[in-house]
Protein chains: 6
Amino acid sequence: MTALPKILVINPNSTEAVTRAVDEALSCYAGAAQINCVTLKEGPPGIELQQHADSVIVPLGQMLKREEANHDAFVLACYSDPGLHSLREQTTKPVLGIGECGLLTAMTLGHRVGVIAILRKSIPRHLRYIGAMGIGDRIAAELPLEIGVVGLSDADRTKQRLEEVGKQLRDGHGADVVVLGCAGMASYRAGLQQALGVPVVDPTQAAVGMAIARVRLGW
Amino acid sequence: MTALPKILVINPNSTEAVTRAVDEALSCYAGAAQINCVTLKEGPPGIELQQHADSVIVPLGQMLKREEANHDAFVLACYSDPGLHSLREQTTKPVLGIGECGLLTAMTLGHRVGVIAILRKSIPRHLRYIGAMGIGDRIAAELPLEIGVVGLSDADRTKQRLEEVGKQLRDGHGADVVVLGCAGMASYRAGLQQALGVPVVDPTQAAVGMAIARVRLGW
Amino acid sequence: MTALPKILVINPNSTEAVTRAVDEALSCYAGAAQINCVTLKEGPPGIELQQHADSVIVPLGQMLKREEANHDAFVLACYSDPGLHSLREQTTKPVLGIGECGLLTAMTLGHRVGVIAILRKSIPRHLRYIGAMGIGDRIAAELPLEIGVVGLSDADRTKQRLEEVGKQLRDGHGADVVVLGCAGMASYRAGLQQALGVPVVDPTQAAVGMAIARVRLGW
Amino acid sequence: MTALPKILVINPNSTEAVTRAVDEALSCYAGAAQINCVTLKEGPPGIELQQHADSVIVPLGQMLKREEANHDAFVLACYSDPGLHSLREQTTKPVLGIGECGLLTAMTLGHRVGVIAILRKSIPRHLRYIGAMGIGDRIAAELPLEIGVVGLSDADRTKQRLEEVGKQLRDGHGADVVVLGCAGMASYRAGLQQALGVPVVDPTQAAVGMAIARVRLGW
Amino acid sequence: MTALPKILVINPNSTEAVTRAVDEALSCYAGAAQINCVTLKEGPPGIELQQHADSVIVPLGQMLKREEANHDAFVLACYSDPGLHSLREQTTKPVLGIGECGLLTAMTLGHRVGVIAILRKSIPRHLRYIGAMGIGDRIAAELPLEIGVVGLSDADRTKQRLEEVGKQLRDGHGADVVVLGCAGMASYRAGLQQALGVPVVDPTQAAVGMAIARVRLGW
Amino acid sequence: MTALPKILVINPNSTEAVTRAVDEALSCYAGAAQINCVTLKEGPPGIELQQHADSVIVPLGQMLKREEANHDAFVLACYSDPGLHSLREQTTKPVLGIGECGLLTAMTLGHRVGVIAILRKSIPRHLRYIGAMGIGDRIAAELPLEIGVVGLSDADRTKQRLEEVGKQLRDGHGADVVVLGCAGMASYRAGLQQALGVPVVDPTQAAVGMAIARVRLGW
């Protein structure tokens, strides 16, 4: 393989700060892939409700159509994986979701997976997805920060809540690995892992790793 | 309660024959509810792929907005329940999906539920939904007719395949109740039940029954 | 259909106050069904133990035999659904249990179902039933009031405990819908829903709704 | 311990041939326990329906009351374990069911448990019990002989059907251990195991072994 | 059967105090079996990590080879059941593990099983095993003492922690039966049961009971 | 990152042909990682029984000790993942098993995963592992070739059996993705995928992809 895999990472919300944080978190793949992080302008500021998730599926399909020829694989950078199976029907190239890949990767790092959600109202949607994936037996619990996507840029409050909720997952629910349940938490991963003493998974990082492998493998 | 519950039953595909068949199947509720069956004109001829299901969610939301004031409850007449949780966020009135209600009602009629899908490619989507509902332990199997939504109007072939697949579910997989996995199969219910000797659930009939109750109950 | 569905609702315990509360809770179905609430005189004052539940099965079968010709459907108004499958073998008319229907209906109102039991010793029995139904993945938790069936008529204490336990289910266990785990709690439903801000299901109301639909459908 | 544990084994059906076959199968415990096999005269000829199972619970409780003082432990010799939890409430001495103990013992002999039922109509009842026990993931399948309890005394036909069904469980469903789903099949165990080449569990033998241990342990 | 079953109980750790405690706990089987408790000298002082468990499998196989002719059945007296399936391949005689038998026996004594582990780091290993057994739906929770195998000889501290953790399992997680998750806790069983008011299972006692039955049965 | 990740891929059986086939299958990662495939000389010719799997754990730990400093991550190239959790305790560097990673990767390629085993007697061991992973709901079935590890070098017979078994998984069990249940099947992946028309996962390729990502990520 002479050229590096070209991965399009799509932030389905319109908050550029999230796209930038994701981009930065993916710098570890420099030299392993050409990663292109883009913002879905049609998206809402954050995917907080089911209707937010559902509303971006059609525009995501249009973006896929435009970008399909220029990329080798596609990563949906929203923990709810909006439109994942829809997009998979529309291309033969790999499409990976960060929710799916974050959880599957966590399953190689610990036995009981704790998930940190942004908002309480996001949790039933995530639990339906975990049920659809058939991995509920591995989930210790999912607990909310009660901070919205945009609010994640307030670093002090976010960091504090991440640690509080992470400790609750670890001590109250027996989680031995934690997944960040939103792409917008990427910049807090390392610090949280340090604070908790258990692995913390940034799902976008996990998904891009799996996408690079899929391109290499050609299946 | 002086007025009858007004139920809007929305066929999210654009095949009027399906809407008519559904309407006819609901005649049993005459005197119990005012039922209004409509076709989503923006829909595809049939919901056969995930992208079909996802594509109707936004138009369904718009229809809900237009019709919310005139109805007491809403029924999504597509076995994939497209946009169910999205619509629930957009109104305080009951929104019920026929996939959900058909399966739950079947669970009161037998222990092992067999499902008849239109197409093999619909099955993974349905299985994800069954996983999300957390009822996989009650599903005997789901098998396809390999007839598309439009093809269901060919009565001879459809009837024959329904009986073949129904018997396979009953004898090969131990199903003691069968759910029709598409609104467009409604007119075949009674005949199939006769042929199989086990209860056959038309999911739209099941959902409308639960919708009427919810309006009566006011919760 | 000229005549309204005739539904026999049987309270298998001998506490008339429970039968009256159930009857009142079903007034919302006036005009939709003829509902006849009766007390099983042979029953114990409350179904609190497995032996209570098992002891009423034979008398319930005798009552079914006497009343079968005069009714279109039968509802067992005890959350343990004593004799449900036994009665189903003894008639071709619909027999529904409030435990089953309450839980299934709750699954259309929220993702994580909390159950309020009367007594701690009732919970293992209920959990066996939930296991038999195959819906354990949807149960957040079941917690007891530690008030017996007869004690439920003490409105102040019952109301207070319902709110305490309901909040524990909602906040400590993530329940987003609550089921009243005893027919005798019917009169507290609306107040508890108000207090908790999540849907509260009275299982007898849910079961009668499904019974009416079944009579209409004729299957 | 000077005296041997006294175990009362109760056949809840009224077919003496079943009681005798069970008694003979328990001869292996000579010297380890005093085993008293009795027939519940009030029982039906076979427990084939849910109403049969439910009808014997009250008489079983009366027998327990009469015999409690004279025995150290009680075994219900019907695969449906009728009244198991009811009886447990009525004595502090061990009460074990052959369905429960047969399945649990099989789980130490193979990974995928096949069950041979007498009749197809018994299977949903057994599956509800397996669900209540929470062990469904270990069940390969349950298949019927379509021979009633009384018909089991026709040795040629029974032996032939046991081998047919056993091979179907082993080869078609991957069972590596088989449980006899009726106390009345006890005399066929050894021959069937020989024919199948996988362990075959007689559930009454399994339950009596666990009962003897419980008496010895005093808990 | 003229001779008593000869059961070899192997403590795979090298701590003789554990072997002695196990031996004493098995005195209830005097007259029912000849029980020979031995220490695996090659074992580590305690099986606390996965590598401890894995390291004893080959020596256990060698001990089995040496002792096979002299015994009728073999019991692995470590809750992690190291090498259980490996040993089963190496002999046609029964090999039982105390983890497996302790949990299965507990399932006949209560509905929600609580497990007391020695160390937090043992729990993921145990949970993997519970998953492999397919009985996770019956587990209320597993909580650690945070006392190592050797530390269990400190009776005051151990007793206190067992009661604390047992009460947490009972009151916080709804456990109605408790399993001691280490052979070295045997001597505390009776006291803990007294303190908790729910059955407490010593898994070695449970396993030996099942082993004796298996020898009697000859299958 | 200036240097490429150094991945040690260990074939725990002593059959060099397997190591060579694995090495060749990993050529797609040229330029992405330095991959070193080695044979565990102490291993048996094939890991076909539980005792084979267990026997290599201690030597694997010794190899890890020798090679830890020279590599960034370790991949166990045996579908049974022998010693996976033991090795993880012995190093802070990533250790991945091909069973685990093959199955998790398959879960991103289809909904119902079919597994092709070498031998029928391997299947219970694999099923215990699938249970431990908590992903049983996603497994369509596992079926054997009945060809041992060494026999896999007979290309004609192996190819034919792979296609037969693959079609049985696809058509009889509804698998929409297939995992090769042995490292030694790597050279047949592409041909089998062509023949079946559904994705076929070589688990070693999947695991190395995840290992490379883990090294890049540094967690």
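On a predicted model such as this, the values are computed, not experimentally measured, just so you know. (Residues numbered from 1 in each chain as written. Chains lettered and ligands numbered in written order. Predicted model: local features only at pLDDT ≥ 70, side-chain atom pairs only at ≥ 80, totals over all residues.)

## Regarding the interface of chain F and chain B
Between chain F and chain B, the residue contacts involve four residues of the former and six residues of the latter. Grouping the amino acids of the side of chain F that touches chain B by side-chain chemistry returns no nonpolar, two polar and two charged. (Contact = placed C-beta atoms within 7 Å. Nonpolar A, V, L, I, M, F, W, Y, C, P; charged D, E, K, R; others polar.)

## A look at the sheet that holds strand β1 (residues 6-11) of chain E
Residue and element names in this part refer to chain E. Overall, parallel pairing links the four strands, which are arranged β2-β1-β3-β4 in an open sheet. Unpaired on one side and paired on the other, β2 (34-39) and β4 (95-97) mark the two borders of the sheet. Sheet twist, expressed as the average angle between the axes of neighbouring strands with direction ignored, equals 20°. Strand direction decides the pairing type here: strand β3 (residues 73-76) and β4, joined by three bridges, are parallel. In the sheet register, Leu76 faces β4, and the bridge partner there is Gly97. Running at roughly 165° to β2, helix α1 (residues 16-25) makes contact with β1 and β2 of the sheet. Sheet strands touched by helix α5 (residues 98-106): β3 and β4. Its angle to β4, the strand with the most contacts, is close to 65°. (Pairing = 2+ DSSP bridges. Helix = DSSP H or I, 4+ residues; strand = E, 2+ residues; numbered from the N terminus. Axes fitted to C-alpha atoms, helices over the stretch in contact; angles between N-to-C directions.)

## Re the relation of the copies chain F and chain A
Placing chain F over chain A gives an RMSD of 0.0 Å and needs a rotation angle of 180°, together with 0.0 Å of translation along the axis. Put plainly, the chains are arranged around a two-fold axis. (Least-squares fit on C-alpha atoms with pLDDT ≥ 70 in both.)

## Description of the domain arrangement of chain A
All names here are of chain A. In terms of domain boundaries, chain A breaks down into domain 1 (6-98 + 204-217) and domain 2 (100-201). Taking the mean C-alpha position of each, domain 1 and domain 2 sit 20 Å from one another. Across the contact, 28 residues belong to domain 1 and 21 residues belong to domain 2. Looking at the side of domain 1 that touches domain 2, the elements that each hand over two or more residues are α1 (16-25), α2 (50-55), β4 (95-97) and α9 (203-217). Among the residues making up the side of domain 1 that touches domain 2, the classes are represented as 17 nonpolar, eight polar and three charged. (Domains from an automatic or database assignment.)

## Some points on the interface of chain F and chain A
With 26 residues of chain F at the interface, the matching set in chain A holds 27 residues. Contributing elements (two or more residues each) for the side of chain F that touches chain A: α5 (98-106) and α9 (203-217) of chain F. No other element matches the seven residues that α9(F) contributes to the side of chain F that touches chain A. Class assignment for the residues of the side of chain F that touches chain A results in 15 nonpolar, seven polar and four charged.

## What to know about the relation of the copies chain F and chain B
One copy of the chain maps onto the other through a rotation about an axis plus a displacement along that axis. Of the two same-sequence chains, chain F is brought onto chain B (RMSD 0.0 Å, axial shift 0.0 Å) by a rotation of 120°. Such a combination of turn and shift is consistent with a three-fold rotation axis. In terms of proximity to the rotation axis, the leading residue of chain F is F:Asp137, whose C-alpha is 5.2 Å off the axis.

## Overview of helix α6 (residues 123-133) of chain C
Of all 11 residues in α6(C), 10 are buried, a share of seventy percent or more. Buried residues of α6(C): C:Ile123, C:Arg125, C:His126, C:Leu127, C:Arg128, C:Tyr129, C:Ile130, C:Gly131, C:Ala132 and C:Met133, and no others. Structurally, α6(C) contributes buried residues whose contacts are with α2 (50-55), α5 (98-106), β5 (113-117) and β6 (139-144) of chain C together with α4 (84-90) and α6 (123-133) of chain D. Two residues or fewer past α6(C), C:Gly134 is found with a positive phi of approximately 75°. (Buried ≥ 20, exposed ≤ 12 C-beta atoms within 10 Å, placed from the backbone.)

## Describing the packing of helix α5 (residues 98-106) of chain D against helix α9 (residues 203-217) of chain D
Residue and element names in this part refer to chain D. Remark: α5 packs on α9, axes separated minimally by 8 Å, with the N-to-C direction vectors making an angle of 90°. Here α5 lies roughly perpendicular to α9, going by the angle between them. Seen from α5, the contacting residues are Ile98, Gly99, Cys101, Gly102 and Thr105; seen from α9, they are Pro203, Thr204, Ala206, Ala207 and Met210. The residue makeup of the contact of α5 with α9, split by class, is six nonpolar, four polar and no charged. (Parallel < 35°, antiparallel > 145°, perpendicular 65-115°, else oblique.)

## Regarding unusual backbone geometry
All names here are of chain A. Residues other than glycine seldom take positive phi values, yet Asp81 does so here, at roughly 45°. Take Asp81: it is sitting in the loop between β3 (73-76) and α4 (84-90). Taking the number of C-beta atoms within 10 Å as the measure of exposure, Asp81 has 27 and is therefore buried.

## Things to note about the environment of E:Gln34
Residue and element names in this part refer to chain E. As for its placement among the helices and strands, Gln34 is situated in strand β2. The partly exposed category is assigned to Gln34, around which 15 C-beta atoms lie within 10 Å. Between the alpha carbons of Gln34 and Val198 there is a distance of 30 Å; along the sequence they are 164 residues apart.

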